[in-house]
Each structure stands twice: as structure tokens, then as C-alpha cells.
Amino acid sequence: MATPRRGTGAGLRFSPWNLLLIIPLWILCTPLYNRATPELFGMPFFYWFQFVGIAVGVACTAVVYVMTRETPTVPARGEGTDVDDLDEGSAL
Amino acid sequence: MNDLHWPELIIFGLLFLLVTVLGFVASRWKAGSTLDHLDEWGLGGRKFGSWITWFLIGGDLYTAYTFVAVPALLFGAGAMGFFAMPYTIIAYPLVFLPLLRLWSVSRARGYVTPADFVRGRYGSPVLATLVAVTGIVATMPYIALQLVGLEAVLRTMGFNAGGFLGHLPLLIAFVILAIYTYQSGLRAPALIAFVKDLLIYVVILVAVLYLPAKLGGWGEIFSAAEAKFAETESPNDGLLLNANNQLQYATLAFGSALALFLYPHAATGVLASRGRNVLKRNMSALPAYSVLLGLLALLGFAAIAAGTEALTNQATGRPDTNTIVPKLFDDLFPSWFAGIAFSAIGIGALVPAAIMSIAAANLWTRNIYKEFLRRDATPADEARQAKLASLVVKFGAVACILFIDPQFSIDLQLIGGVVILQTLPSVAIALYTRWFHRWGLIAGWFVGMFWGLLLLYNIPNPATGKPHFGGSALALDKLNILGWQPFAGSQVQIYVGIVALVANLLVAAVVTVVARRLRVFNGTDDTDPGDYHVDEGDKNLRPVGAQH
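Residues numbered from 1 in each chain as written. Chains lettered and ligands numbered in written order. Predicted model: local features only at pLDDT ≥ 70, side-chain atom pairs only at ≥ 80, totals over all residues.

An unreviewed UniProt entry lists chain B under the name Sodium:solute symporter, with Prauserella muralis as the source organism. The annotation that UniProt attaches to chain B under Sequence similarities (unreviewed entry) is "Belongs to the sodium:solute symporter (SSF) (TC 2.A.21) family." According to the UniProt record, the Subcellular location (unreviewed entry) comment for chain B reads "Membrane". (UniProt positions renumbered as here; feature names shortened; annotations may be inferred.)

This brings us to the overall build of chain B. The helix and strand tally for chain B stands at 21 helices and two strands. A principal-axis box enclosing the C-alpha atoms of chain B has dimensions of 65 × 60 × 40 Å. Each of the 548 residues in chain B was classed as buried or not, and the buried ones make up 60%. Long-range pairs, those at least 24 residues apart, make up 82% of the contacts in chain B with a sequence separation of at least 6. (Helix = DSSP H or I, 4+ residues; strand = E, 2+ residues; numbered from the N terminus. Buried ≥ 20, exposed ≤ 12 C-beta atoms within 10 Å, placed from the backbone. Contact = placed C-beta atoms within 7 Å.)

Counting secondary structure elements, chain A contains two helices and zero strands. Scored against the burial criterion, the 92 residues of chain A give a buried share of 22%. Within chain A, residue pairs in contact and separated by at least 24 positions form 52% of the contacts whose partners lie at least 6 positions apart.

Right, let's talk about the interface of chain B and chain A for a bit. The interface of chain B with chain A comprises 47 residues on the first partner and 48 residues on the second. Those elements that provide at least two residues to the side of chain B that touches chain A are helix 5 (84-109), helix 10 (217-231), helix 11 (246-260), helix 13 (276-285) and helix 14 (287-305) of chain B. When residues of the side of chain B that touches chain A are assigned to their parent elements, the largest contribution, ten residues, is made by helix 5 of chain B. By residue class, the composition of the side of chain B that touches chain A is 26 nonpolar, eleven polar and ten charged. (Nonpolar A, V, L, I, M, F, W, Y, C, P; charged D, E, K, R; others polar.)

Here the residue pair A:T37 and A:P38 is connected by a cis peptide bond, since its omega of -5° sits within 30 degrees of zero. Locating A:P38 in the fold gives a position in the segment before helix 1 (45-67). Of note in this structure, B:R46 is not a glycine but carries a positive phi near 50°. Here B:R46 is to be found in the loop between helix 2 (38-41) and helix 3 (50-61).

Now for helix 14 of chain B. Residues and elements named next belong to chain B. Relative to the 27 Å expected for 19 residues at 1.5 Å per residue, helix 14 spans 28 Å between its end C-alpha atoms, a close match to the ideal helical length. Most of helix 14 is tucked away, with 16 of its 19 residues classed as buried. Of the residues flanking the end of helix 14, it is G307, one or two places downstream, whose phi is positive at about 70°. (Expected span 1.5 Å × (residues − 1).)

In this section: the environment of B:V447. Residues and elements named next belong to chain B. Within the fold, V447 resides in helix 20 (residues 438-457). You can call V447 partly exposed: it has 18 C-beta atoms within 10 Å. Sequence spacing of V447 and A508 is 61 residues, and the spatial spacing of their C-alpha atoms is 9.1 Å.

Our next topic: the UniProt feature "transmembrane region" (unreviewed entry) in chain A. Residue and element names in this part refer to chain A. Residues annotated by UniProt as "transmembrane region" (unreviewed entry) correspond here to residues 12-33 and 45-67. As a span, residues 12-33 carries 0% helix and 0% strand, and end to end its C-alpha atoms are 36 Å apart. End-to-end, the C-alpha atoms of residues 45-67 are 33 Å apart, and along that stretch the chain is 100% helix and 0% strand.

When two helices pack together, you describe them by how their axes are tilted relative to each other and by the distance separating the axes. All names here are of chain B. As a packed pair, helix 14 and helix 15 (residues 324-332) sit with axes 10 Å apart at the nearest point and diverge in direction by 60°. Between helix 14 and helix 15, the angle falls in the class oblique. Read as a crossing pair, helix 14 and helix 15 show a hand that is left-handed. Together, L299, G300, A302 and A303 of helix 14 and I324, V325 and L328 of helix 15 make up the contact between the two elements. In terms of residue class, the contact of helix 14 with helix 15 is built from six nonpolar, one polar and no charged. (Axes fitted to C-alpha atoms, helices over the stretch in contact; angles between N-to-C directions. Parallel < 35°, antiparallel > 145°, perpendicular 65-115°, else oblique. Left-handed = near helix turned anticlockwise from the far one by under 90°.)

Here's what the structure looks like:
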């Protein structure tokens, strides 16, 4: 099998931006929005608030994506490739 | 066969023909060197980009059944049915990081199924088989439910005969689906998903603008719904949640979100993508479907305002609430547009049914056939076996609908969510740590599975007079741990899946501690820490379709 040995100590790579992914869980807190008013377009608060919840979820995942995007790096020509570089590399 | 709706049928027929052609053409679309390998047949060559992945996973998760059942839930029970919203809001942030690790390790090691990963991580055929069997059992009724969705549409269009004749159109549609899935593998649903999702987007956007206007606005719709729920005796319906079902709402959403990507068909869609960035992008793009689902769910209330009545299913003789949305479209839309709407739901059944049968076939082939029946199977043997298995799985689902009451499939799907959740420690947690001992995981699985099933069995549904499997909401009063009732008297409800998962984790932890004390061998780990970060374009990346 062609899988190379990789650098050790690569078990968990944590970025603080990932903490943003916890925010959307607020939608599980039903007392926050389980009421009828204020209405929007005739829709009780309970319903339209959860559509806002989608927007918050999208915002959080989008920020995490942009901030932790695995940027393509092309190793400099002629230099021996370090195993740690292999993880970040991309042909695109 | 009386009063067939011809304009609707003609449009449905034409669009069905279009996707059939696409299904067969798909075998040559982005073709690799061979289709005789599970990387190609079962995962589409592991090279789908952001758009295809978006359509594929969207078409996979937001199924025809979802589109008919969620509005039917709101129609029947009100706010509780809206749990699909928090469910799909939290699902993507929750799985964002674990899915990346699953994709990378599967890409690095050539895993095709989640059970392959468990096999590699713990070196335990027992644990891997449990995960595989759980996946197959949870997926089968889900496929059958796609047929329920498709049939709801066919019956609304006039094919509402009793007996075998009533099922014939469904059977024909499914035979065609089975043949092109056999030939083209995952590429068929990936290509058809484009048509399906575009149709769905058009239909729902038109529906949520046109129907409220026709019914006097959302204000009118919600008032009509409120009046209906005020009349019923049931304490658990209404436009808002009450003190007893809020916990059920939150735990059902949370449990369903945790379960979502444990389903084999969801994992298949994920593993078929090209790289980590594709997945990250999709985690923020997929909620677009949640907006659709939320809007569509509200059409359940629109059906109340419009006075829509569920069609009586001639095969079972009972009113079928799943026909509410098709019936609403049939009543209020001009027939040509109703035809488009029905095609959207009907084709919407084919995409997930195809992906699910491929996922189940992959599990059977990799984790049962190759593990126990033919250890020396070549990749070509695996592909052949998986193609045959996909046929068996599909006809099994048809048989479920034809010969058994469809209610059985609905019950099974309810069970499926609880059941698949029990693989969370072995799959999702194992992506991060090997702290749990493999015997701990096996013991936890057994306890979670059997306790979960027992709890579900004992839940009655007073509304339909069913003594067993009446829902997934457990009154805390009924929680009984070997005779000890921690919440006696409480009518607060909680989702059974979460209760079973907690028991599963506790048992797994205790057995892990004991097994470590006794120094029981914990299997060998085939994976490297670096495997969990592999990405497309890495040097020395395992080639797709590698001959081992």
C-alpha cells in the first residue's frame, strides 16, 4: 500500500476558530424562542426565529471554513520534501 | 384505476424518462479506468467537487419521505413536527470536524464504509460486523420509506387501486431504478440529483409564495392551524411547545443530528467527495436545503387552512396523512404545475433510494462477504457482489411495501434512528481516541441497542390506539433502571435514542476500565495519526481504485 509514514504528533490539530462551531447549539435551548410574539409576516416567533437560526449556523460554519482552509502549498523545487509538508500539500 | 390525472401524469412521465436516460448515461460520466472496483461503482471515483457533492448529499439527506412526512407531522401535531429545523441547523456544525477526519482516514486507507474504518481502527471483525449490520438494518426501512413517498404521489395522481394493481406503477419505477443503479453505481444518483434538486427548489419556492397568497397570507394560515389544535383533545399538539415536550423537541433534534452522518448513505456521499475543502464548503452550503425543508414544513399548516383532507389509501383502507402535501398541490395548483411538483417528489425518492442501496451493498460486500464468505475476493469480485447486493436490497424494500403494512416500515425507520445512534462510540468517538476498549464498545452496543428497543416497544400511541412502537417520546415517569425510577410521576418527555446512547456510553466506559485492569488485548490499530489529515493532492496518496 502506497500510504507514506507521516510525521508523528499530528494526532489532533486544533484551531481556536473551531470553537465557533459550538454557537449554533443555542437552538436546542427551546425556552429562548417558544413563544408567539413578536410575529413576522404573520408567522409566530417560534417559527421565524428558527429560520434566523439557520443563518447563524451558516455564518459559523462559513467563518470556520474560510479561516481554516487548507491552502495549497507547492514545495519549493529542488528541496527535499519534509514529511510534515505532505499533509498540507495540494495539487490544485 | 379511476380518474387518472392526465396532464400531471404526462409531465411526470416525461421527467421520469429524462432521469432514466441520465441514469444510464451516468456510467460514462467522469468515468475512471474501470467500473469493476468499489471506489468507482460505490463511490463514484472519490472525485466529486463542491457542486456535485452539494447536490448529492442534499439529494441524499433531504429525501422524498422527508418532504412528505415533515409537513404531515406539522399538519397532525403542530410545533413538535418542526424539530426538523433545529435538527438540520446543528447537524452540520456538529459533524464538521469528525467528518473531515473520517474522509481523510478513509482516503488514506481505502476504506469504503464506516465499518471498514472500525475494522482498521480496532482490528476487531466482531465490532466491525456489528457496525455494518446496524447500518444495513437502519437503512433498509429507510429505502422502503422512499417508496412510501413515491407511492403517495402516484396515488394522488390517480393510481389508487387496491391490491397488486395499485402497486404496479411503483414496481415499474423501481425496476428501472434498480437497473441503472446496477449499471452506473453512485454516478447515477449523483447525476439525477441535479434534476431532482432543481425541481424541488423551483416547486417549493413557488409553493411558499403562491399558496399563502391564495390562502390569505401566513397570518390566516397560522390562525386556522391554531383553531384546529384548540379543538383537539390531545395535550401535545399546538402552535407552540408545552412544558412536557420541550425536552423531547431538543433531544430529538440533538439525537437525530448525531445520527445523521452515522447512516451509511450519508457516509457514502461524504467519502465520494474529492477533498477536505469540498466538505468544509458543503457544511455551510447544505443548510440551504434546511431553509427549503422549513418552508415546506409550514405547508402542513397551509393544508389545514385550505381544508385539505388526506387521501384514503385503497391498499390499507386508512387515510394516509403522507398524502397531505401532494393533495394540497393537487387541489390548489394548476394541473401542469402539480405534475412538476409530483415529479420533484417522485424523483426525490429515486436519488436517496439509489444511494442507500449502494451504501447497504457496500457494507454487505466489504464487511460481511469479504470478511466471512470470501476473504480472497479481488476488487472486481467486490464490485460484482455489491452490484448484485444492491438489487437484493431494493427488491427487499419493495417486498416490505408490497407484502407488509407500510406502517411497519415507518415503525422500523423510527427504530432505525435509535439503532444507528448506538454506533456513535465505535465510529465517531473512535475517530478521535482509542480510549474505549473494543470489548467496552461491543458491550455498550448491546446494552444501548436492547434497552433502546425495549423502551420503544413499550411506548403506546393513544391517538392511533397502537400499544407498541407508538413514537420515540419517552415520558420520564416510565424510565425504569432495574426497578429504580429516578423521575417517577414526571410527564416530561425525552427522546429514547439519547437515553439509550447514554446507557451505551456508561457501559462502554465501565467495561473499558475493567478490560484495561485485566490487560485484555485491545486489537491493533492500522491507522497512523497522520492519516486523519490526508488531503487531495498529497504526495504518495493512495491511488483511487488501487488493487490493495
